[in-house]
Every structure is written in structure tokens, then in C-alpha cells.
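Here's the letter readout for the chains.
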Amino acid sequence: MEELLVENHAAVRVLTMNRPAKHNALNTGLTAALVDALSTAAADDSCRAIVLAGMGRSFCAGADTSEFASLSDSGHGESGAGTNAANRRADLTASLHAAFPRTTKPIVSAVQGNALGGGAGLALACDLMIVADDLRLGYPELKHGIVAAIVMANLVRQVGQKTAFGLVSTGRILNAQTAVTLGLAHECAPAGQLRDRAISLAEQLAGWSPAAMQATKRLFYRVSNLPFEEALAVGRDANVMMRGLGKKAAQ
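The paragraphs below set out a description of the structure included in this document.

Conventions used here
- In this numbering scheme, every chain counts its residues from 1 along its sequence in written order.
- In view of the model being predicted, local features appear only for residues whose pLDDT reaches at least 70, and side-chain atom pairs are presented and counted only at 80 or more, with totals across whole chains, interfaces and linings using the full set of residues.
- Hydrogens and water are ignored here; the side-chain numbers use all heavy atoms of the structure.
- Buriedness for pockets is judged along seven lines, at least five of which must meet protein on both sides within 12 Å for an open set on the 1 Å grid over protein atoms alone, while cavities are sets there where a 1.4 Å probe fits but cannot get out, and lining residues have an atom within 4 Å of a point.
- Grid points are joined across faces, edges and corners, and a volume is the space filled by probe spheres set on the points.
- Comment: elements are numbered from the N terminus, with helices defined as DSSP H or I runs of at least four residues and strands as E runs of at least two.
- Residues are sorted three ways: Asp, Glu, Lys and Arg are charged, Ala, Val, Leu, Ile, Met, Phe, Trp, Tyr, Cys and Pro are nonpolar, and all the rest, Gly among them, are polar.
- A simple rule labels every residue: compare its accessible area, found with a 1.4 Å probe on the protein chains alone, to the largest value its type can have, and call it buried under 20%, exposed over 50%, or partly exposed in between.

**As for empty space enclosed by the protein**
Throughout the structure, instances matching the rule amount to one cavity of 30 Å³ or more. A volume near 50 Å³ is recorded for the largest cavity. Around the largest cavity, the lining residues are Arg 48, Lys 105, Pro 106, Leu 205, Ala 206, Trp 208, Ser 209, Pro 210, Met 213 and Gln 214. Going through the elements one at a time, α7 (194–206) and α8 (210–223) are the ones with two or more residues in the lining of the largest cavity. With three residues, the top contributor of residues to the lining of the largest cavity is α8. Taken together, the residues that form the lining of the largest cavity break down as six nonpolar, two polar and two charged.

**Re unusual backbone geometry**
Even without being glycine, His 23 reaches a positive phi, approximately 55°. Inspection of the secondary structure puts His 23 in the loop between β2 (12–17) and α1 (28–43). Of the residues examined, His 23 reaches a relative accessible area of 23% and is grouped as partly exposed. Located in the positive-phi region is Asn 24, a residue other than glycine, with phi close to 60°. For Asn 24, a relative accessible area of 0% corresponds to the buried category.

Below you can see the structure in the form of C-alpha cells.
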């Protein structure tokens, strides 16, 4: 069974994590498939927007803990082999999260049921998130003696320090309404309508000028990490560039 399903709805590419029996937990195979699929979509001019979804009752329950033993030193006779494996796995996860802002096409997550730990991080890494009314989103890593590590970089930028620390330190689980109230979710939809609603939103985004949409996303992530004056200067340059494109930007 393929761990990631890829299908096209006109200009929208839908990536569906397909490990429902494991609540779409992120093993190495699925993580690598997501990295490759995002890269392929970014290079395909027929794709103008992306939807990330999960098959079954959950969006993604986080990392596949069954792989943890093989990533530790104790799982290998040769000294250092486990450390090298852990480094490669961490690099792969970091590459996945870095791919979302680097992909200039808008990405919408359709999030139902459990979105926990790395799954919550994956949902929030998308540009917009539509959540189902049965959402359970949170970072329970400390309950299992581990750390919400790579996902923390994105979380703190989206909700601020106090809220982010509260989530990772208490393991609080957010429902759909709270996710909307905090500004994490764009909107909430009934579980049975979630996928269609996410595709509809992605179709709206795909309908804009590709040049303008891609410039908007690129500029958004750039200015979000700059001091105000520098952000204004970058915005000013983008303004000149888009005016210079004229009618081409509308195509």
C-alpha cells in the first residue's frame, strides 16, 4: 500500500497520507515521500496549489515511535551507527518542515481527528489550515519523555512565546473552536465536508495569477523574519517588481 497518495483536481494537487491503521504516523518512508511530493509539485507548472490531508480518522498522530529503537545507539552493535541514523532522520524531518515555506505555491492542510506532536507541526507548517469539528491538536511529547523539537520553530512563530510554551509544556489538546480562536485554523468544517472545503479553498488560491500568488507567499515568509524597516524595504522592492510585470502578472 502506498504511504502517500497523489491526485490532481484541476490545478490543485492533493497529497493524502495513507497509513490509517497507524493514524498516519510519520515513519521514514512517509516523510521522504512528502519531501519528494512537495518538490515535484513545486516544479510542476500545472499545479498551482496543494492540499495536505490524512486518510482515516486522524490527520497525523506524529512520529512513528516504532522506529525509535532503530535510531538509538543501543539498537546497533557498531558504535555510532545509531547516532548516524538519528542524524539522518532528523535531517529528513527538518527538510520536510523547511519545504513548506520554500514551496511558493500555497498549501492548505485538511486536519481531522488527531494532529499530535509532529502531526500538529505538519498541519501548522501549511499556509492555511481547515480543521474538522473533531480536531484534537497538541504537543504531548513531554508525556512520553521526549521533546517537541523541530516543530517548535514554527509553533512559536505562529502563536507567540507564551502560548507556544504553554502548549509544549502542558500537553494541552486544542479542539477545533480553540484552534480557530487562536488563529491557527482558517476555519472549521464538519468532518464529512473537510476535504471538499480544503480543496475549494485551494482552488480559490489556484485561481489567482501564479506570479502574484508565488510572489505573495515568498514575500510573506521573508518579511515575517525581518525587522520592520527591512521588511518595508523588501516590500517596496516587491511592489516595484510586480508593477513592472504589468499584464504578465495577471496571466
